[in-house]
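# Report on the structure
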Amino acid sequence: MQGLMASSKLSLTVAVVVFLLGMAGAAHGLTRVVANSPDEPCMNMTLYYHDILYNGNNTANATTAAATKPTALATTYWKNSTYFGALMVFNDPMTVGKALPLAGEEPAARAQGFYFYDKQESLTSWFGFSIVFNSTAHKGTLNLVGADLMGDATRDFSVVGGTGDFFMARGVTTIRTDTIEGLYYFRLQMDIKLYECYL
Amino acid sequence: MQGLMASSKLSLTVAVVVFLLGMAGAAHGLTRVVANSPDEPCMNMTLYYHDILYNGNNTANATTAAATKPTALATTYWKNSTYFGALMVFNDPMTVGKALPLAGEEPAARAQGFYFYDKQESLTSWFGFSIVFNSTAHKGTLNLVGADLMGDATRDFSVVGGTGDFFMARGVTTIRTDTIEGLYYFRLQMDIKLYECYL
Amino acid sequence: MQGLMASSKLSLTVAVVVFLLGMAGAAHGLTRVVANSPDEPCMNMTLYYHDILYNGNNTANATTAAATKPTALATTYWKNSTYFGALMVFNDPMTVGKALPLAGEEPAARAQGFYFYDKQESLTSWFGFSIVFNSTAHKGTLNLVGADLMGDATRDFSVVGGTGDFFMARGVTTIRTDTIEGLYYFRLQMDIKLYECYL
């Protein structure tokens, strides 16, 4: 499960689009920036989210576990189980590259939260989580909620708040399933775009 | 459970209140609009939310199921169970009219998320969900959280974010219990008012 | 569990920092205020959150109960259980002073929502909840989500929305563990700072 290569350095593309009406002040060197359009985020980064499910034997490596079982809605009627009602709790590493952190290496961030499967006919889920940054580069959190419509090539979560270096952030995160390895590992690419920032 | 009449056409009342200070730009034909007051939403719609609980026998029709049982707090002390701790996961149709969609008809939107009961003395719950639009009229999601204080005639959720056609939306949704039919069906009227929009 | 002294009067520090660019209008006497900086919230209050866990014998007093058990991730590998996957549902009193409300006394507000433990190596949790005000002083709700990184002296939640007297509020709440009494009671100090208000 441990990747051979990993980069723990997180580089952000910060496009400081300071325009007149979105600028609310400049105390403490901070300036509130509100984006003009979906194409002009005030901050921008891509991270990979690694979900390593507990399978009964990987206690030391697993970062996600089922808190509830699927309900009968997922199994009685639909022949392929869609896990309806299964609540998964996670504390997943997030990395700049696709590889998992090396043993002992800190990831760029950790995603802490939950998702649960919420449709009987097909696989879809709903997420609530924080991306927790605790590195020399960044300290603070981004808070996200949203539907993971797993049948779509890409889908969007809302960034509903931020703290620390991401004070009062808002934005949209576009996710894409990058890989699935059997039943116990999947990786999501998350393109995080903030449209309200204090820079 | 299938209604006899249904309208799948969603009509929005979009009040474009473009005023000077709330307007952040006009790239891509989009203009950020921030409302002046609670009476002047920048977008406005009413949808009905249909919660069809799984009762053990309605697997094909049910859209909600209990992922956890009520805790002893809901049953030991209080003679009428208040379901404290029961977590319900849902994928509910939302419609413009009060009737359920006809068989094979797409609803105006789907509400995907969860609620759980959270008071021992009386019925109250807490919701986190997305309203997922996937029609010719609208594509995108609204993300909501909030307390459903079921004893009040109306109560308010926060719209904390939006994606797609509802890019970066915020607002307030006022809900009202429209009907309860036995233990396994209830319908909520949701008046969704957005106060931050990109139009 | 009942405190000997309690104050149910909630005093807010409202710093009306009306500056030109953050001011969006003044209909109905309401003015939208957006803060310049982290040091200049538009509204500001401190409340104590009392979590009284159900222990099997305190049904009448308990305000929190476990809806799920910890998963094996919390117990198999780590010798000190970290409750990974335990979902707690709460309806907790919030007070201005540190004491619990007197019998029959209404608290300043109630916190209604959930948290769950989400790390195998140490104690951390994730919260989603509403602070519900229903007093002569205030009616309305604040909606919060965020990571409770319990190892840090202070940590921050996002206020992602508000309703009623807190219409469309956003902000940051800094929490601090004020006391822990055994396994069944803890108190958090919550410094709630709003940076977007309609005043």
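The name recorded for chain A in an unreviewed UniProt entry is Dirigent protein, from Triticum aestivum. Under the UniProt heading Function (unreviewed entry), the entry covering chain A gives this text: "Dirigent proteins impart stereoselectivity on the phenoxy radical-coupling reaction, yielding optically active lignans from two molecules of coniferyl alcohol in the biosynthesis of lignans, flavonolignans, and alkaloids and thus plays a central role in plant secondary metabolism." We quote the UniProt Subcellular location (unreviewed entry) comment for chain A here in full: "Secreted, Extracellular space, Apoplast".

## Topic: the overall build of chain A
Across its full length, chain A holds 0 helices and 10 strands. For chain A, the residues scored as buried account for 58% of the 199 residues in total. The long-range fraction of contacts in chain A, counting pairs at least 24 apart against all pairs at least 6 apart in sequence, stands at 54%.

## Describing the interface of chain B and chain C
Contacts between the two partners involve 39 residues from chain B and, on the opposite side, 45 residues from chain C. Overall, the association of chain B and chain C removes approximately 3100 Å² of surface from exposure, summing both partners, and the carbon and sulfur fraction of that is 65%. The interface formed by chain B and chain C includes 2 salt bridges. In this structure, C:Arg32 and B:Glu196 form a salt bridge, with 3.5 Å as the shortest nitrogen-oxygen distance. Summed over the shared surface of chain B and chain C, the number is 12 residue pairs in polar contact (both at pLDDT 80 or more). Of all the secondary-structure elements, those providing two or more residues to the side of chain B that touches chain C are strand 1 (32-34), strand 5 (109-117), strand 7 (139-148), strand 8 (155-164), strand 9 (170-181) and strand 10 (185-198) of chain B. The residue makeup of the side of chain B that touches chain C, split by class, is 21 nonpolar, 11 polar and 7 charged.

## As for unusual backbone geometry
At A:Met168, a residue that is not glycine, the phi angle is positive and equals roughly 60°. Mapped onto the elements of the fold, A:Met168 is located in the loop between strand 8 (155-164) and strand 9 (170-181).

## Some points on the pairing of strand 10 (residues 185-198) of chain C
Residues and elements named next belong to chain C. The buried fraction of strand 10 is high, at 12 of 14 residues. Direction of pairing for strand 1 (residues 32-34) relative to strand 10: antiparallel, over a ladder of 3 bridges. Within the sheet, the bridge partner assigned to Val-33 lies in strand 10 and is Cys-197. Counted along the chain from strand 9 (residues 170-181) to the antiparallel partner strand 10, the turn is 3 residues long, and its residue Gly-182 has a positive phi close to 60°.

## Side note on the packing of aromatic side chains
Across all of its chains, the model carries 69 aromatic pairs over all chains by this definition. With 6.3 Å between their ring centres and 45° between their planes, A:Phe114 and A:Trp126 make a pair best called tilted. One end of the pair, A:Phe114, is in strand 5 (residues 109-117); the other, A:Trp126, is in strand 6 (residues 125-134), with 12 residues separating them in the sequence. Take A:Phe114: its relative accessible area is 3%, and that puts it in the buried class. A relative accessible area of 1% places A:Trp126 in the buried class. Between B:Phe90 and B:Phe127, the ring centres sit 6.0 Å apart and the planes meet at 50°, which makes this aromatic pair tilted. Taken together, the residues B:Phe90 in strand 4 (residues 87-95) and B:Phe127 in strand 6 (residues 125-134) connect sequence positions 37 residues apart. Per residue, the accessibility class of B:Phe90 equals that of B:Phe127, and both read buried. In textbook terms, an aromatic cluster arises when at least three aromatic residues are bridged by ring pairs, as seen for A:Tyr49, A:Tyr83, A:Phe90, A:Tyr115, A:Tyr117, A:Phe127, A:Phe129, A:Phe157 and A:Phe186.

## Focus on the relation of the copies chain C and chain A
For the match of chain C to chain A, the screw axis carries a shift of 0.0 Å, the RMSD comes to 0.0 Å, and the turn is 120°. The symmetry that links the two subunits is that of a three-fold axis. Of every C-alpha in chain C, the one belonging to C:Val160 sits nearest the axis of rotation, 3.5 Å from it.

## Some thoughts on the confidence of the model for chain A
All names here are of chain A. The pLDDT averaged across chain A works out to 87; a share of 84% of its residues lies at or above 70. Considering only residues more than four positions removed or in separate chains, one finds that residues 1-9, a stretch of pLDDT under 50, has 29 contacts. Note that residues 15-27 has pLDDT below 50 and, in this model, 32 contacts with residues that lie over four places away or in other chains. What the predictor reports for the complex is a pTM of 0.90 with an ipTM of 0.88.

## A look at the pattern of salt bridges
A complete count under the given rule lists 24 salt bridges over all chains for this structure. A salt bridge links A:Arg155 to A:Asp148; the shortest N-O distance between them is 2.5 Å. Exposure remark for A:Arg155: the relative accessible area of 5% places this residue in the buried category. For A:Asp148, a relative accessible area of 3% translates into the label buried. By sharing partners, the salt bridges in this structure join A:Arg32, A:Arg170, A:Glu196, B:Arg32, B:Arg170, B:Glu196, C:Arg32, C:Arg170 and C:Glu196 into a single network.

## Description of the side chain of C:Asn58
One can find C:Asn58 in the loop between strand 2 (43-52) and strand 3 (64-66). In this structure the side chain of C:Asn58 is engaged in a polar contact, spanning 2.9 Å, whose partner is the backbone nitrogen of C:Asn55.

## Focus on the side chain of A:Thr64
Tracing the chain through its elements places A:Thr64 in strand 3 (residues 64-66). At 3.1 Å, the side chain of A:Thr64 and the side chain of A:Asp92 are in polar contact. In this structure A:Thr64 touches A:Asp51, A:Ile52, A:Leu53, A:Tyr54, A:Met88, A:Val89, A:Phe90, A:Asp92, A:Tyr115, C:Leu73 and C:Phe84, once residues within four positions along its chain are discounted.

## A few points about the environment of B:Phe84
All names here are of chain B. Among the structural elements, Phe-84 can be located in the loop between strand 3 (64-66) and strand 4. Since its relative accessible area comes to 0%, Phe-84 is described here as buried. Measuring from C-alpha to C-alpha, the distance between Phe-84 and Lys-69 comes to 8.6 Å, with 15 residues separating the pair along the chain.

## Quick look at a nonpolar patch on the surface
Side chains of C:Tyr83, C:Leu123, C:Met150, C:Leu183 and C:Tyr184 sit close together on the surface and give an oily, nonpolar patch of about 440 Å² of accessible area. Relative accessible area serves as the criterion here: at 35%, C:Tyr184 is assigned to the partly exposed category.

## What to know about the interface of chain C and chain A
Contacts between chain C and chain A engage 39 residues on the former and 45 residues on the latter. Carbon and sulfur atoms supply 65% of the area buried between chain C and chain A, which totals about 3100 Å² over both sides. Between chain C and chain A we count 2 salt bridges in total. Between C:Arg170 and A:Glu196 there is a salt bridge; the shortest N-O distance is 3.7 Å. Across the chain C-chain A interface, the total number found is 12 residue pairs in polar contact (both at pLDDT 80 or more). Looking at the side of chain C that touches chain A, the elements with two or more residues in it are strand 1, strand 5 (109-117), strand 7 (139-148), strand 8 (155-164), strand 9 and strand 10 of chain C. For the side of chain C that touches chain A, the leading source of residues is strand 8 of chain C, giving 4 residues.

Parameters and conventions
- Residues numbered from 1 in each chain as written.
- Chains lettered and ligands numbered in written order.
- Predicted model: local features only at pLDDT ≥ 70, side-chain atom pairs only at ≥ 80, totals over all residues.
- Heavy atoms only, no water.
- UniProt positions renumbered as here; feature names shortened; annotations may be inferred.
- Helix = DSSP H or I, 4+ residues; strand = E, 2+ residues; numbered from the N terminus.
- Buried < 20%, exposed > 50% of the residue type's maximum accessible area, 1.4 Å probe, protein only.
- Contact = heavy atoms within 4.5 Å.
- Buried area = accessible area lost by both parts, 1.4 Å probe.
- Salt bridge = Lys/Arg side-chain N within 4 Å of Asp/Glu carboxyl O.
- Polar contact = N/O pair within 3.5 Å; in protein donor to acceptor, adjacent residues only side chain to side chain.
- Nonpolar A, V, L, I, M, F, W, Y, C, P; charged D, E, K, R; others polar.
- Pairing = 2+ DSSP bridges.
- Phe/Tyr/Trp six-rings, centres within 6.5 Å; stacked < 30°, edge-to-face > 60°.
- Least-squares fit on C-alpha atoms with pLDDT ≥ 70 in both.
- pLDDT = per-residue confidence, 0-100.
- Patch = residues over 30% accessible without salt bridge, like charges linked within 9 Å, V, L, I, M, F, W, Y side chains within 5 Å.
- Areas by Shrake-Rupley, 256 points an atom, 1.4 Å probe, with all protein chains shown as cover.

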